[in-house]
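# Analysis of the macromolecular model
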Amino acid sequence: REGFTRAEAKELAAVFRSFDADGSEEIESIELLGMLRCLGYSTGLETVHELVKAVDVNNSGGLDLGEFLKLMRAHCEIEMQVGREVFNGRTGGSDELLAEHLPSALQDFG
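Here the structure is a predicted model, which means the values were calculated and not measured.

### Here we look at the nonpolar core
Among the nonpolar cores identified, the biggest contains 17 residues, and Phe4, Leu12, Leu32, Val48, Leu63 and Phe68 are the most heavily contacted of them. Those elements that place two or more of their residues in this core are α1 (6–19), α2 (29–38), α3 (45–55) and α4 (65–91). Filtering out sequence-adjacent residues up to four positions away, valine 48 remains in contact with Ser29, Leu32, Leu33, Leu36 and Thr43.

### Topic: the pattern of salt bridges
Here the structure, examined in full by the defined rule, presents one salt bridge. Lysine 70 is paired through a salt bridge with glutamate 2; the nearest N and O atoms lie 3.0 Å apart. On the criterion of sequence distance, the pair formed by lysine 70 in helix α4 and glutamate 2 in the segment before α1 is long-range, its members being 68 residues apart. Of the residues examined, lysine 70 reaches a relative accessible area of 33% and is grouped as partly exposed. Residue glutamate 2 is classed as partly exposed on the basis of its relative accessible area of 31%.

### Details of α1
What sets the pattern is the α-helix's 3.6 residues per turn: residues three or four places apart point alike. If you check α1, its first and last C-alpha atoms are 20 Å apart, about what 14 residues at 1.5 Å a residue would give, namely 20 Å. Among the residues of α1, those classed as buried are Ala9, Leu12, Ala13 and Phe16. Taken down its axis, α1 places every buried residue within 105° of arc, on the same side. Opposite the packed face of α1, turned more than 90 degrees from it, sit the exposed residues Ala7, Lys10, Glu11 and Ser18.

Definitions and cut-offs
Residues numbered from 1 in each chain as written. Predicted model: local features only at pLDDT ≥ 70, side-chain atom pairs only at ≥ 80, totals over all residues. Heavy atoms only, no water. Core = buried A, V, L, I, M, F, W, Y, C linked by side-chain atoms within 4.5 Å. Buried < 20%, exposed > 50% of the residue type's maximum accessible area, 1.4 Å probe, protein only. Helix = DSSP H or I, 4+ residues; strand = E, 2+ residues; numbered from the N terminus. Contact = heavy atoms within 4.5 Å. Salt bridge = Lys/Arg side-chain N within 4 Å of Asp/Glu carboxyl O. Expected span 1.5 Å × (residues − 1). Arc of directions from axis to C-beta.

This is how it looks when you write it as structure tokens:
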């Protein structure tokens, strides 16, 4: 489950199946691109190819469900790191984010 709860893994599996247009139980790069765009991420096909290469352990050129979960876990970790960097940049090293810094911190998240 790559560190996801059962409910999260089930939800991600449903998303995976809904974008597996050809029913191959594997998401090709073009299907992944559509999925990421639908989820609100603006990315290009070249980036998607790089993402697939990073987690495609069986070298099929696409992602099975397990590889997709690895990709989503890596994505979550990256987002958490970005969040920590934004928070730390706005707090000056303290454990508190002042209300006046909240709008600019949220803008940094996009």
